[in-house]
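Structural overview
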Amino acid sequence: MTATAAPVRPASARAVRPRRERRSRRRGWLLAAGLTAVAILVVFPLYWMVVSALTAGGQSQSSEFSLWPEAPTLGNFTEVFATQPVWRWLGNSLLVAGVGTALSVCVSLGAGYALAKYRFRGRGLLYAVFLVTIMIPIQVTLVPAFLVVARLGLVDSPWAVILPTLFDVVGIFIARQFMLGVPDALLEAARLDGAGELRTFFRVVLPSCGPLVGVLVILGFMNRWNDFLWPLVVLQGNESLTVPVGLSTLTGNPAFSSPWGAVMAVATVAVVPLLVVFLVFQKTFVQGIASTGIK
Amino acid sequence: MSPRDETRTASRAGRWAPYLFVGPAGLLFLAFSLVPIVIAVALSFQDTATLGDGNWVGGDNYRTMLADPLLRTALLNTVVFTVGTVPTAMAIGLALAVALDRPLPGRGLLRALFFVPMVAAGVVVGVIMSWIFNPDYGVANNALRALGLEGLPWLTSPRTAMLTLVLVVVWTRIGFCMVIYLGALQSIPSELREAAAIDGASRWQRFRGLTVPMLAPTTSILLILNVVFSLQAFDVIYVMTGGGPGFSTTVLIQYVFRSAFADARMGYAAALGLLLVLILLVFTLLRQRATKKAEELL
């Protein structure tokens, strides 16, 4: 998402309208300054989370307040890590998001490939039915899906979180759109060379799907890492929670006289990994989120 | 892909291959989407408090809905929440996109900053904002008091709780709207804008007469997505207010959850859930028809 090059104007045009040019440049700086002020406001809550996490008691002890940590301390972190199974929560989240994303990407790639590159009976119907599920919010199927998971004996296991979210309509949709763009000639050539269907998929199609896999992985991981309602319903023991569910139990936790420092510490731990991923893979990230909107 | 190519590909392909590729998705869809939906429909005709077997009660749950004052409040709250969040987030997103579409110092960084809230989980947003808007120690009221104003009750009063939630949700949404609009703006041919500028159209005229109509399809998609997001917004509300104080921020989806798990009325919750699906479907269809009509007029 880096800035694209500014349109280059011929030098003569610039010489003809120097005043206008100067005025528009000044306007540009003014606009940038205004936008920076808005951007600071937008980022402030996350900044404040970090400041509170680094301040003893999360600044809730007095009505005096400071905009930066005056005596930064990791006390909140050590306290909450000592009294709550935060490492377990992190491990659970990593397991659920990692395994869930890996499996789900495979499912989506396969389904996207079949829907884009084969003609088979029921294809249109299947695709239409898949797409309708986008409209059905999880709350509607919450109780019945819980019944299914309970029948499978999975309650309180990470698989209870992983399995029902493996079918990812948006992922399948993105995969199909991308696979439509893979040239048929490529597949034909592979088949003429005697490659079987599976070999064609793994050796010819997949290697050309790098960007697609990047988008699916980042999107899938973020959604699973941040997921709340479904894990809240199927996970019960404090040791089996994921980070967001664990975090939600802290605000009313009587173990803390003032929970805000601890809450902000865990919130920081929950956000920072994704922020790092976002900063490193910004382009793929934005592309991924944008592609969920281009239906 | 021309139809002939497709047929040829298909005739060469093993007949089992597509089913093998789509099979896992199909099975998962069956087990974790279709079966639960069928069970949900069945539940909506039952009276069941626990997850055990219920009694068949015919359309009782649906009749109860008609006379349920709490449902009416929840629907009204849902409308207020949706109308409060969707146009606001879209307008701010559009303004940011237009501002950031032209060359500016630090443009890449600014875009990234506006996008950052998207990364945070709903729960994380919820706890941060609960803390910021805490009436006693929160930084929002501290800042107001530093300016010599009186602090607001924010989430603790039925009169301001919904407004606070709307503010927070708009905050999480503007980056998304901005990114989608930016993508669309970049696909408008620059010759068009230059031509309009040469014809003497002012900046505002160009925006109204050229940019807005060119963005219409994007606006329509964003509208649908944002409404769906708002109708399904759960995490932030659950963490920040739990639907309170009183019933003031209980939106439909919150009411579904509450009926199922707090009131243990699984059958009624299922019926409410199906009502929500119906609303979503009707909205999508209306929107599609409106878009088609608009296209015919053009």
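**Some points on the overall build of chain A**
Helix and strand content of chain A: 15 helices and zero strands. Residues classed as buried in chain A amount to 42% of the 295 residues present. If you take every contact in chain A between residues at least 6 apart in sequence, the share linking residues at least 24 apart comes to 75%.

**Looking at the overall build of chain B**
Along its length, chain B carries 14 helices and two strands. Computed over C-alpha atoms, the radius of gyration of chain B comes to 24 Å, more than 25% over the 19 Å expected from 2.2 N^0.38 for 298 residues, which places it beyond the range of a compact globule. For the C-alpha atoms alone, the extent of chain B along its principal axes is close to 75 × 75 × 35 Å. Taken over 298 residues, chain B has a buried fraction of 41%. Pairs at least 24 apart in sequence give 67% of the contacts found in chain B among residues at least 6 apart.

**A closer look at the nonpolar core**
Within soluble globular proteins, side chains that are nonpolar generally end up buried alongside one another. Among the nonpolar cores identified, the biggest contains 160 residues, and L247(A), V266(A), A267(A), V124(B), I128(B) and C177(B) are the most heavily contacted of them. Here this core takes 16 residues from helix 8 (residues 161–186) of chain B, the largest share from any one element. Each of domain 1 (19–83 + 251–270) and domain 2 (84–243) of chain A accounts for three or more of the residues forming this core.

**Overview of the environment of I40(A)**
With respect to the element layout, I40(A) can be found in helix 2 (residues 18–53). On a C-alpha basis, the gap between I40(A) and G124(A) in space is 48 Å, while along the polypeptide they are 84 residues apart.

**Describing unusual backbone geometry**
The phi angle at D156(A) is positive, at roughly 75 degrees, despite the residue not being glycine. Located in the positive-phi region is W154(B), a residue other than glycine, with phi close to 45 degrees. Positionally, W154(B) belongs in the loop between helix 7 (139–146) and helix 8. Judged by local crowding, W154(B) falls into the buried class, with 23 C-beta atoms found within 10 Å.

**Looking at the domain arrangement of chain A**
Residue and element names in this part refer to chain A. One can read the domain layout of chain A as domain 1 (19–83 + 251–270) and domain 2 (84–243). Domain 1 and domain 2 are separated by 34 Å when their C-alpha centres are compared. Listed by partner, the interface residues are six residues for domain 1 and five residues for domain 2. Looking at the side of domain 1 that touches domain 2, the elements that each hand over two or more residues are helix 3 (75–83) and helix 14 (260–280). In the side of domain 1 that touches domain 2, the residues fall into five nonpolar, one polar and no charged.

**Notes on the environment of L216(A)**
Summarising the element assignment, L216(A) is placed in helix 11 (residues 210–226). What makes L216(A) buried here is the crowd of 28 C-beta atoms within 10 Å.

**Focus: the interface of chain B and chain A**
Across the boundary between the two partners, chain B contributes 85 residues, which contact 78 residues of chain A. Broken down by element, the side of chain B that touches chain A gets its largest block of residues, 19 residues, from helix 2 (residues 17–43) of chain B. Split by residue class, the side of chain B that touches chain A holds 66 nonpolar, 13 polar and six charged.

**Concerning the confidence of the model for chain B**
Residues and elements named next belong to chain B. The predicted model of chain B has a mean per-residue pLDDT of 82, with 91% of residues at 70 or higher. Within chain B, helix 4 (residues 69–101) carries the highest mean pLDDT (92), whereas helix 1 (residues 3–12) carries the lowest (47). Under a pLDDT of 50 for its full length, residues 1–11 has, in the predicted model, nine contacts with residues more than four places off or in other chains. Across the predicted assembly, pTM comes out at 0.82 and ipTM at 0.81.

**Details of the confidence of the model for chain A**
Residue and element names in this part refer to chain A. Taken residue by residue, chain A gives an average pLDDT of 81. The fraction at 70 or more is 85%. Here helix 1 (residues 11–16) stands out as the element of chain A with the lowest mean pLDDT, 47, in contrast to helix 4 (residues 86–117), whose mean of 92 is the highest. The low-confidence segment residues 1–16, where pLDDT is below 50, has 13 contacts with residues more than four positions distant or belonging to other chains.

**Considerations on helix 13 (residues 243–250) of chain A**
Side chains that are three or four residues apart share a direction in an α-helix, a result of its 3.6 residues per turn. The element helix 13 of chain A is largely enclosed, with a buried count of seven among its eight residues. Restricting attention to buried positions, one finds in helix 13 of chain A the residues V243(A), P244(A), V245(A), G246(A), L247(A), S248(A) and L250(A). The elements touched by buried residues of helix 13 of chain A are helix 4, helix 11, helix 12 (229–234) and helix 14 of chain A together with helix 6 (122–132) and helix 12 (235–240) of chain B.

**As for helix 13 (residues 252–262) of chain B**
Residue and element names in this part refer to chain B. Among the eleven residues in helix 13, nine count as buried, and that is most of the element. Those residues of helix 13 not exposed but buried are L252, I253, Q254, Y255, V256, F257, R258, S259 and A260. Remark: A264 follows helix 13 within two positions and exhibits a positive phi of approximately 50 degrees.

**Topic: the packing of helix 13 of chain A against helix 14 of chain A**
All names here are of chain A. One can describe the packing of helix 13 onto helix 14 by two numbers: an axis separation of 9 Å at closest approach and a directional angle of 170 degrees. Classed by the angle they form, the pair helix 13 and helix 14 counts as roughly antiparallel. Seen from helix 13, the contacting residues are V243, P244, G246, L247 and L250; seen from helix 14, they are A262, V263, V266, A267 and A270. Here the contact of helix 13 with helix 14 is composed, by residue class, of nine nonpolar, one polar and no charged.

Cut-off values and rules
Residues numbered from 1 in each chain as written. Chains lettered and ligands numbered in written order. Predicted model: local features only at pLDDT ≥ 70, side-chain atom pairs only at ≥ 80, totals over all residues. Helix = DSSP H or I, 4+ residues; strand = E, 2+ residues; numbered from the N terminus. Buried ≥ 20, exposed ≤ 12 C-beta atoms within 10 Å, placed from the backbone. Contact = placed C-beta atoms within 7 Å. Rg over C-alpha atoms; globule rule 2.2 N^0.38 Å. Core = buried A, V, L, I, M, F, W, Y, C linked by C-beta atoms within 7 Å. Domains from an automatic or database assignment. Nonpolar A, V, L, I, M, F, W, Y, C, P; charged D, E, K, R; others polar. pLDDT = per-residue confidence, 0-100. Axes fitted to C-alpha atoms, helices over the stretch in contact; angles between N-to-C directions. Parallel < 35°, antiparallel > 145°, perpendicular 65-115°, else oblique.

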